[in-house]
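Below are the chains, spelled out letter by letter.
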Amino acid sequence: MIIGIPKEIKNHENRVSLTPDGVKQLISFNHLVLVETLAGVGSGFLDTDYLDAGATLVQTPEEIWSAEIVIKVKEPLTSEYHFLNDHLILFTYLHLAPNPQLTKALLDSGTTSLAYETIQLNNKNLPLLIPMSEIAGRLSVQTGAHFLEEKPGGKGLLLSGVPGVAKGSIVIIGGGTAGANAAQIAVGIGANVTILDINPQRLAQLENQFGTKIQTLISTPQNISKVVATADLVIGCVLIPGQTAPKLVTTDMVKNMTVGSVIIDVAIDQGGIFESIDHTTTHDEPVYIKYGVQHYAVANMPGAVPKTATNALANVTLPYILQLANLGLNASLHANEALLKGLNTYQHHLTNLDVATSQGHDYVDPLTLF
Ligand SMILES: NC(=O)C1=CN([C@@H]2O[C@H](COP(=O)(O)OP(=O)(O)OC[C@H]3O[C@@H](n4cnc5c(N)ncnc54)[C@H](O)[C@@H]3O)[C@@H](O)[C@H]2O)C=CC1
Ligand SMILES: CC(=O)C(=O)O
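Residues numbered from 1 in each chain as written. Chains lettered and ligands numbered in written order. Predicted model: local features only at pLDDT ≥ 70, side-chain atom pairs only at ≥ 80, totals over all residues. Heavy atoms only, no water.

Participant: Could you clarify how one ought to interpret the UniProt feature "binding site: substrate" (unreviewed entry) in the protein in this entry?
Facilitator: Summarizing the sequence annotation, UniProt attributes the feature "binding site: substrate" (unreviewed entry) to Arg-15 and Lys-74 in the numbering used throughout. Judged by maximum C-alpha separation, these annotated positions cover 60 residues in sequence but sit close together in space, the widest gap being only 9.0 Å. Considering only the annotated residues already named, the ones lining the largest cavity are Arg-15. Overall, Arg-15 belongs to the buried group, its relative accessible area being 2%. (UniProt positions renumbered as here; feature names shortened; annotations may be inferred. 1 Å grid on protein atoms, 1.4 Å probe; cavity = no way out; pocket = protein on both sides within 12 Å on 5 of 7 lines; lining within 4 Å. Buried < 20%, exposed > 50% of the residue type's maximum accessible area, 1.4 Å probe, protein only.)

Participant: In this structure, what is going on with the site of ligand 1? I would like to understand it.
Facilitator: As a structural note, the neighbourhood of ligand 1 is formed by 28 residues, with Ser-133, Asp-197, Ser-219, Asp-269 and Met-301 the closest of them. A distance of 2.9 Å separates an oxygen atom of ligand 1 from a polar atom in the backbone of Thr-177. In the model, an oxygen atom of ligand 1 is placed 2.7 Å from a nitrogen or oxygen of the Met-301 main chain. The fraction of the free accessible surface of ligand 1 (870 Å²) that becomes covered by protein chains is 90%. Of the residues forming the shell around ligand 1, the biggest block, 3 residues, is contributed by helix H5 (residues 130-147). When grouped by side-chain class, the residues that make up the shell around ligand 1 number 16 nonpolar, 10 polar and 2 charged. (Near = heavy atom within 4 Å. Polar contact = N/O pair within 3.5 Å; in protein donor to acceptor, adjacent residues only side chain to side chain. Areas by Shrake-Rupley, 256 points an atom, 1.4 Å probe, with all protein chains shown as cover. Helix = DSSP H or I, 4+ residues; strand = E, 2+ residues; numbered from the N terminus. Nonpolar A, V, L, I, M, F, W, Y, C, P; charged D, E, K, R; others polar.)

Participant: Is there a simple way to think about unusual backbone geometry in this case?
Facilitator: Excluding glycine, most residues fall at negative phi; most peptide bonds, likewise, are trans. In this structure, Tyr-291 is a non-glycine residue whose phi angle is positive, near 55°. When you line up the elements, Tyr-291 lands in the loop between strand E12 (287-290) and strand E13 (293-296). Despite not being glycine, His-348 shows a phi value in the positive range, around 75°. Mapped onto the elements, His-348 comes out in the loop between strand E14 (343-346) and strand E15 (349-350). The class of His-348 is partly exposed, set by a relative accessible area of 45%.

In structure tokens form, the structure reads like this:
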């Protein structure tokens, strides 16, 4: 197969979808790997590293997008839509539920797309999302701590406090992978930490993990309203796989927060849980202030730490990439139920039920198509 690795073009997206080690493995199965020049440089991989691994370097995105499979990190941006076509297999994060424009571009072009974030094992784990949620969760606390400082517009608060002066309060809504990783850093710096989830068993697991260093609460509008009002930093980490995130924190709740507080919507890639966040932000302009509260809504947080994130992503994607390349699309989808759940569009059909439901779109069972 011919596999294309483009340079990412999203704002400050310095991750790359395949490492030189991944190239070596694909080449050992006689695949041709095209890598766009400078694709890996932000992650610490030079063009010469890819050449030494056996890749063919190309100068333009056009050459990459003519490959049979294009492996990306982030979803195609509008300037890339003209590359989509009905011979293409695209493997990347897509987050289609809140993005009808991209869904339409994929369906109109007949692109077959597999979304990392909807690949799901029988035990419900999302193996290709977990490492990035770990990173985003951990980053969310250090990012929040920064924006609570006075210079970037925060209230001028040190989350750990100091002896004789109160700690800050962090509220984490959604106690899955991102939420637990946020809690790990939040507990580590000594803040007051509250975690809310709708799943009582998950809350019990978190209490086992963190002991009395956290407060857990069942996620209800009343509990959210109460704890958000006194929080310095609120972090949104809710996910209903494949679906648009529910708006759990209303604008009135944000208006009740004290001036200079910070909200971080990690779940913004699925549309976000804060009603007052009406657009995504970028690493160049990560926050805007509304109702006196700093709003952070960067949808590619791990792009800030590409040397960690590229390796963490490649660790989990490579087995799927190898299977796709070695078996081909249809045989891989039949052989691997988890991968089948990643299939979002197939030849003009929307094949993920959660995405279809979120968008009120017709759904087609992929097993009826091949
Ligand atoms: N902004 C960024 O750069 C990144 C964003 N993410 C996103 O972070 C979000 C969270 O991902 P994970 O932690 O991996 O998901 P997860 O599935 O591990 O955890 C989600 C948690 O939300 C809980 N939940 C569901 N409904 C809830 C409600 N009404 N109230 C409270 N909790 C509720 C679930 O019970 C679960 O524990 C996803 O949208 C993911 O795509 C992940 C990585 C990077
Ligand atoms: C999960 C995702 O979209 C990201 O890591 O950017």
